[in-house]
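An overview of the molecular structure
Okay, here's what each chain looks like letter by letter:
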Amino acid sequence: MSNKVSFFNLSIYKILSKEQSFLDQARIRLLYYGFFLIFVALGTLYLSVYFQNQKMLAYTALFLMASVVVLFKYLTWRPDWRGAAHALLIVGTLVNASLVYVSMQTVNIITVQVIIIVIAFSYYMLGQQWGLIYSLLNMVPVLVFMIIEYHSGYVIGIKPNKIDQSTIIISLFANFILLIFIHSHFYTAFLKNIRHLKDSSKEQARLYNKMETAIEKAEKSAQAKSEFLSTMSHEIRTPLNAVIGMSNLLMMSGPRPDQRENLEVLKFSANNLLAIVNDVLDFSKIESGKVVFENIRFNLIELMNNICGGQMLKAEEKGLLFKLDVDSSLKNKVLFGDPTRITQIIFNLVSNAIKFTPQGNIWVRVTCVEDRHNTVTVNFSVRDTGIGIEKENLKNIFEPFTQESLATTREYGGTGLGLAIVKRLLELQDLQITVNSMIGHGSEFSFHMEFPVSTEVLPEVVAVPETKQPAESPLACLRVLIAEDNMVNVMLMKKLLSKWSINPTIAENGERAVEFMQYGNFDIILMDLQMPVMNGFDASKEIRKMADPKKSGVPIIALTASALFDIKEQVYEAGMNDYVSKPFKPDDLLEKLNNYALKKVI
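A brief report on the enclosed structure follows. Everything numeric here is computed off the predicted structure, so don't read it as measured data. (Residues numbered from 1 in each chain as written. Predicted model: local features only at pLDDT ≥ 70, side-chain atom pairs only at ≥ 80, totals over all residues. Heavy atoms only, no water.)

Here's the deal with the overall build of the protein chain
Along its length, the protein chain carries 16 helices and 12 strands. Residue burial in the protein chain is summarised as follows: out of 602 residues, 44% are buried. Contacts in the protein chain between residues at least 24 apart in sequence constitute 73% of all its contacts with a sequence separation of at least 6. Carbon together with sulfur atoms contributes 59% to the accessible area of the protein chain, which is approximately 33500 Å² in total. (Helix = DSSP H or I, 4+ residues; strand = E, 2+ residues; numbered from the N terminus. Buried < 20%, exposed > 50% of the residue type's maximum accessible area, 1.4 Å probe, protein only. Contact = heavy atoms within 4.5 Å. Areas by Shrake-Rupley, 256 points an atom, 1.4 Å probe, with all protein chains shown as cover.)

So, the packing of aromatic side chains
On inspection of all chains with the given rule, the structure shows 19 aromatic pairs. When the ring of F298 is compared with that of F451, the centres are 5.9 Å apart and the planes differ by 80°; the resulting orientation is edge-to-face. Here F298 is found in strand β1 (residues 296–298), whereas its partner F451 is found in strand β7 (residues 442–457), with 153 residues between them in sequence. Neither residue differs from the other here; F298 and F451 are each classed as buried. With centroids separated by 6.3 Å and ring planes inclined at 75°, the aromatic side chains of F380 and F451 adopt a geometry described as edge-to-face. (Phe/Tyr/Trp six-rings, centres within 6.5 Å; stacked < 30°, edge-to-face > 60°.)

Structural notes on the side chain of S351
In this fold, S351 is placed in helix α8 (residues 339–355). From its side chain, S351 meets the backbone oxygen of F347 in a polar contact 2.7 Å long. When neighbours within four sequence positions are excluded, S351 is seen to be in contact with Q311 and K314. (Polar contact = N/O pair within 3.5 Å; in protein donor to acceptor, adjacent residues only side chain to side chain.)

Considering the nonpolar core
Burial of nonpolar side chains together is a common tendency in soluble globular proteins. Among the nonpolar cores identified, the biggest contains 48 residues, and L300, M304 and F380 are the most heavily contacted of them. Looking at this core, the elements that each hand over two or more residues are α7 (300–317), β2 (321–326), α8, β4 (361–371), β5 (375–384), α10 (418–427) and β7. Apart from the residues lying within four places of it in its own chain, the contact partners of F380 are L300, M304, I346, R365, V366, F445, S446, F447, M449 and F451. I15, A58, W81 and I117 belong to the second-largest nonpolar core, a separate cluster that totals 42 residues. (Core = buried A, V, L, I, M, F, W, Y, C linked by side-chain atoms within 4.5 Å.)

In C-alpha cells form, the structure reads like this:
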C-alpha cells in the first residue's frame, strides 16, 4: 500500500497494492463502488421525499449523502478500509434507529432490508466479532420498539413522516441492488481467494517436493563427501603408516648417528604430511558438528611439556629462542578436560608462531588466573617476534583456507586451516581467542579456559633407570591374529610385533579371519576395517556369533586409516573392543596389547 496518497486522489488503483490479500482488496473495492451506489440511491430518495415535503426524511437523506462523500474522500486519501467500514456502520445504525423511533415511528420492509444489509456488510467487512456487535445494535432497538408498540403503542410529540408507494419502491429497489452487489462481490472474492489458495497449495507442494529433492541430494552429497574423505584418508594414510612405521622400526634398531639423522628427516616429513591430512579431516569433522569433547584427568604441566617438546627442536633448528613458562601452582594439580583438543589448539598456535618468525623468540605461557579450589581458570598465551599481521586482516586469518595474504601463502606455505581449527574448537566450548599483533614486531594469541580440579594429588616423579623388557614378557605368549590385506602393512606389523616377542598369524581378509577363529585359538585380533571379500565390521559380527564363548568374546582391536566421523560408533556397534587409527604410534599399540595381556593373566 502506498504511504503517500494525494488528498485529491480519486483513483482506486492508488489505494490497492500487491501486499494486500484478495479479501482486503475486495473490501476496498466494495467500499469504493458501494459508496457510488449508496450516493445515487440516496440522491434519488432525497428527490422523492423532498417533493413530498417530508422534511425530516429529506434532511436524513442529505446527512447520509454528506457522510458518504466524507467517507469516500477518507478512503481515497487514507485507505483505511476498517475505519471507513466502522464509520459507515455507525452512521447507518444511528440513522436506522432514528427512522424507527423518530422520523417514521414504524417498522416496515425497508427497515428489515436495512438491517439485513448491515448484518451482511458488517460480517463481510469486519469479521465475526464486529458483525455480531453491529447486528445486535441494529436488531435490538427495532425489537424493543416492536414490543413497546405491541403492548401500549408508541406515541411521541413529533409527527411521523409518511412516504408514498414510489418512495417505497425506490428504497426496495436500491436495497436489493446493494444486497446483490455485496453478495456477488464477496462471492467473486471468495472464489478468487480459494483459487489462489489452491494455486499456493500446489506451489507449496511443488516447492516441498523440490526441497525434499534438494535435501536428498544434499544428504547424498554429504554421504559422498564422507565416503570420499574416508577413501582418500585410507589411501593416503596407508602408505604413510608404512613410512612412519618403518621409520620407527629402523630407529628402534639402533642406527648409526648419520642414519638416525636421515631417519629423523624422513619421519619429520612424513609427520608433516600426516599433519596436513589431519588438518583437513579435523576441519571437516568440526564443520559437521560431530566433535565430541572428552572429560578425562590429565596434568597440564606434563601435557604442555609433551606438546612443546618437539616444537622446541623445530624452533632451535630455525635459530629461535623457545621459552615455555607454566605457572608453578598447576604443578601437582590433576585437571579434567580434553587434552587432545588442547594439544590441537596449542600445537597449531605454536606451529604458526615458529613458521612466521624468521628470527627472535617464541614464548608460550600458561598462567593460573583464578583458583577456586574445585575449578581453575587458566590463560594460555603464545607470543612471537614474527612478521605480524595487518590490523584489517585480523578477522580474515581465522577463515578456513585463508592466510593474511597471497604473498604470505607463497612464502611460508601451509593449508590455512590451523587458525580456523583453533577458533572452531574454542567456539564449540563457548570460548573466544584474542589476537594482538603489530607488523614487524610479532603477534600474541591468548585465550582463557576453565577446568574442574580433581582431588587426586600427583605423586612426585622419581627417575628410575631404564631396564630392558625381560625375554619372557606377558606379550611373548600372546596369540595374535592380524586381519590385514595390505602386504606392506603386514610386513610392518610382523616386524613391529617381533620386537615384542610376538609371532602373529596373518589373515588376508575378513573371511579368512573368521575361518582362523573357527579352527584355532587366539587371545586378541587386530582387525583392519577395509578389506576385500569380507570387511572388518562383518568379520567381527560373525566372530561374536560363535557358539564358543572364548572365541566369541575374544578382544578385537580395530585398525583403520578411515576418516569417517562416526567410525568409532561403527566399531563399537560391530562388537569390537577398541580402536587404533593408522598411522599409530608403537607405544599406543603396545599399551593396548599390554592391557589385554594383563587381563588374560588375571
